[in-house]
Amino acid sequence: MKQRHAQKKGFTLVETIEYIGILAILMIPLTALVWTFLGDQVQQSRRSEVTDGGTFALATISETTRSAASISANTVYDTHPGSLEVDDDGTTVVFDTYERTVTQGSQDITIRTLRMTEGASPAVDLTSDDVTVDNFTITDLSPTGATTIEITLQLSSANPSNNKTYYAQNSWTTTITLRR
Amino acid sequence: MRMKRLKKRFGGQTLLEVLLALGLLAAIATAGISLSLRYIDALARANDFKTVSAVSQEGFEAVESIARGSWETLTQGTYGLNKGSIWALQAEPDIVDGRFTRTLEVADVNRDSSCQITAGDGVVDPETKQVTLTIEWTTSGRDLSASASKYFSNWSNDPDDLCASTEAGNLIINVDGAVLDNTKKQVEGIVLENTSSVDVTIDELTIAWIKCELATPCVNPEDYTSPGNTFSIKINASDVWHSSNGIGSPTGVQPSGTTIDIVDVVIPANTTYPLDRIRFDSKLDGSQFTITATMGDASQTEVTTDSFLP
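Residues numbered from 1 in each chain as written. Chains lettered and ligands numbered in written order. Predicted model: local features only at pLDDT ≥ 70, side-chain atom pairs only at ≥ 80, totals over all residues. Heavy atoms only, no water.

### Details of the layout of surface pockets
Note the cut-off: Buried and open spaces are told apart on a 1 Å grid over the protein atoms alone, a cavity being a set of points where a 1.4 Å probe fits but cannot get out and a pocket being an open set with protein on both sides within 12 Å along at least five of seven lines. Residues with an atom within 4 Å of a point are the lining residues. Grid points are joined across faces, edges and corners, and a volume is the space filled by probe spheres set on the points. Working definition: helices are DSSP H or I runs of at least four residues, strands are E runs of at least two. Numbering for both runs from the N terminus. Here the nonpolar group is Ala, Val, Leu, Ile, Met, Phe, Trp, Tyr, Cys and Pro; Asp, Glu, Lys and Arg are the charged ones; every other residue, Gly included, is treated as polar.
By volume, the largest pocket amounts to about 890 Å³. Counting residues per element, the ones that place at least two in the lining of the largest pocket are α2 (13-66) and β8 (169-177) of chain A together with α2 (15-69), β1 (77-83) and β3 (94-96) of chain B. In terms of residue count, the dominant contributor to the lining of the largest pocket is α2(B) (10 residues). Tallied by class, residues from the lining of the largest pocket come to 11 nonpolar, 16 polar and seven charged.

Below is the structure:
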């Protein structure tokens, strides 16, 4: 009986502890890796939101301004929040920012949104509820004989809890020369 | 004896097994770390390419500003960009965000006789430049670069100058100051103006004239005559056709309406040449002249004078 028991013996305590130890050694970095990966995914998603929002807004401003006949004297230069007003074949198009309150989770937060107003039409937001405009500044770089402006835009993710995982920020500086 | 047997059967891992396990662990860990590093590297490169795209776009818009503001500064060479109160070219490449080196190469552009951009042949079109923008940067220790190229045109000039469809479209035969000299056998004071930024070549001239002699006033074509013959043509102080000394063809004096193959006259861009004289072998006072120029590209332009009163 004793002999049979000895033959079918399971893991010893030392072996079990060894296996648990090895498992722990493997699991700790693996868990950390998965955790980092998940965090990265969230951050990447926030980064994309900011980057895509900024790219879209700048593309819209650039395209409209390039083909515009002139830039209005109402344009507010060299300060944030700036305002850009262009004359697009008799229609005035204004790019500016405004503050508004949005609800994220259960929290109400105030963000600044970039918008476009074309003539008498209602304004259209160019940035989403998930991002806020940190900087929108227009600089006049026009040489004699041409109209050139520079736009500095900085967006960051709306992040009321100041959680590092949800933080993303990007800034762009672009030049636009009118073609007419 | 029994203990020894049991120990042999249920002994722990051998050194070989432990080494194998550690080796496997190391291989998996290495692969995992390598994969993570590659992922991070790919993310960094993707972000850098986005920045490079933005830096290039800004560069081309800056060149557009320079081209429209002061086209003459856009001369062939290698430059960087300098942003002061306006965009300007600088001798050295500029560095954006401390790590993206931006270089501009401005090159002349040639066009063929059909006005198409051509490599090497044709003539330099001073109203068009090719700008190649190169961005160089380092990502994860690797040197990378990207280039893009674009043509720029001088839109501030008359569009006709940018690329005239024919040479004749660039030549004005100005007869405002044309007169018959005292002998009444020679037309003087005609001016040939090349209004374009490219050279034009006059290949042939057709001189025709009519004189109202057979009716008062002349109404029908048969009321007119074309007396005499063309004797010689002189442009910009050189004989380009002469009936008797072998310059141009055909030889011998030529009646009205003959196409004369003159020695090719190349009028440089934006230059005016005098058509010093067209000499005839008869008095042609009272005649009205029509001059047709056939250009190097076979295009033609024509002008008719008033009748030279006797």
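### Digging into the packing of aromatic side chains
The criterion, for reference: Two rings from Phe, Tyr or Trp (for Trp, the six-membered ring) form a pair when their centres are within 6.5 Å of each other. A pair whose planes differ by under 30 degrees is stacked, one over 60 is edge-to-face, and the rest are tilted. Relative accessibility decides the category of a residue: with a 1.4 Å probe and only protein chains considered, values under 20% of the type maximum give buried, values over 50% give exposed, and everything between is partly exposed.
In total, this model carries seven aromatic pairs over all chains according to the counting rule given. Look at F37(A) and Y39(B): their rings are 6.4 Å apart centre to centre, the planes differ by 50 degrees, and that puts the pair in the tilted class. Here Y39(B) lies in helix α2 and F37(A) lies in helix α2, a pairing that spans two chains. In this structure F37(A) comes out as partly exposed when scored by relative accessible area, which is 42%. By relative accessible area, Y39(B) is classed as partly exposed at 32%. The interplanar angle of 45 degrees and the centroid separation of 6.1 Å between the aromatic rings of F100(B) and W137(B) together place this pair among those described as tilted. Taken together, the residues F100(B) in strand β4 (residues 100-111) and W137(B) in strand β6 (residues 123-139) connect sequence positions 37 residues apart. In this structure F100(B) comes out as buried when scored by relative accessible area, which is 3%. Grouping aromatic residues by their ring pairs yields a cluster made of F49(B), F100(B) and W137(B).

### Points about the sheet that holds strand β7 (residues 148-157) of chain A
What links the strands of a sheet is backbone hydrogen bonding, and the strands pair in either a parallel or an antiparallel sense. Residue and element names in this part refer to chain A. Put simply, the rule is: One requirement defines pairing of two strands: DSSP has to find at least two bridges between them. A fitted line through C-alpha atoms serves as each axis, taken over the contacting stretch for helices, and the angle formed by two N-to-C directions is quoted from 0 to 180°.
The strand order β6-β7-β8 describes an open sheet built from three strands, whose pairing is antiparallel. On the outer flanks of this sheet lie β6 (131-140) and β8, each paired with one strand and no other. For this sheet, the mean inter-axis angle between neighbouring strands, taken without regard to orientation, is 15 degrees. Pairing of β6 with β7, which is carried by nine bridges, proceeds in the antiparallel orientation. In the sheet register, F136 faces β7, and the bridge partner there is L153.

### A look at the state of the cysteines
Residue and element names in this part refer to chain B. Here is the rule: For this text, the term disulfide refers to a pair of cysteine sulfurs within 2.5 Å.
Here the structure, examined in full by the defined rule, presents one disulfide over all chains. Across the disulfide from C212 sits C218; the S-S distance is 1.8 Å. Its S-S torsion of approximately 100 degrees makes the covalent link between C212 and C218 right-handed.

### A short note on the pattern of salt bridges
To keep things clear, this is the line we draw: The rule for a salt bridge is simple: a side-chain nitrogen of Lys or Arg has to be within 4 Å of a carboxyl oxygen of Asp or Glu.
Tallying each qualifying case throughout the model produces 17 salt bridges over all chains. Between E61(B) and R179(A) there is a salt bridge, and its shortest N-O distance comes to 2.8 Å. One end of the pair, E61(B), is in helix α2; the other, R179(A), is in the segment after β8, on a second chain. Here R179(A) falls in the partly exposed class, since its relative accessible area comes to 26%. Measuring nitrogen to oxygen at the nearest pair gives 2.8 Å for the salt bridge that ties R99(B) to D48(B). One end of the pair, R99(B), is in the loop between β3 and β4; the other, D48(B), is in helix α2, and 51 residues separate them in sequence. Through salt bridges with shared partners, one network takes in R66(A), R179(A), E61(B), E64(B) and R68(B).

### Some thoughts on the environment of I278(B)
Residues and elements named next belong to chain B. Our working definition: Two residues form a contact once any of their heavy atoms are found within 4.5 Å.
Summarising the element assignment, I278 is placed in strand β18 (residues 277-280). Each C-alpha atom, one on I278 and one on K234, is 6.6 Å from the other, the two residues being 44 residues apart in sequence. In this view, I278 contacts K185, Q186, V187, I190, I207, T230, S232, I233 and I291; residues no more than four positions away in its chain are not counted.

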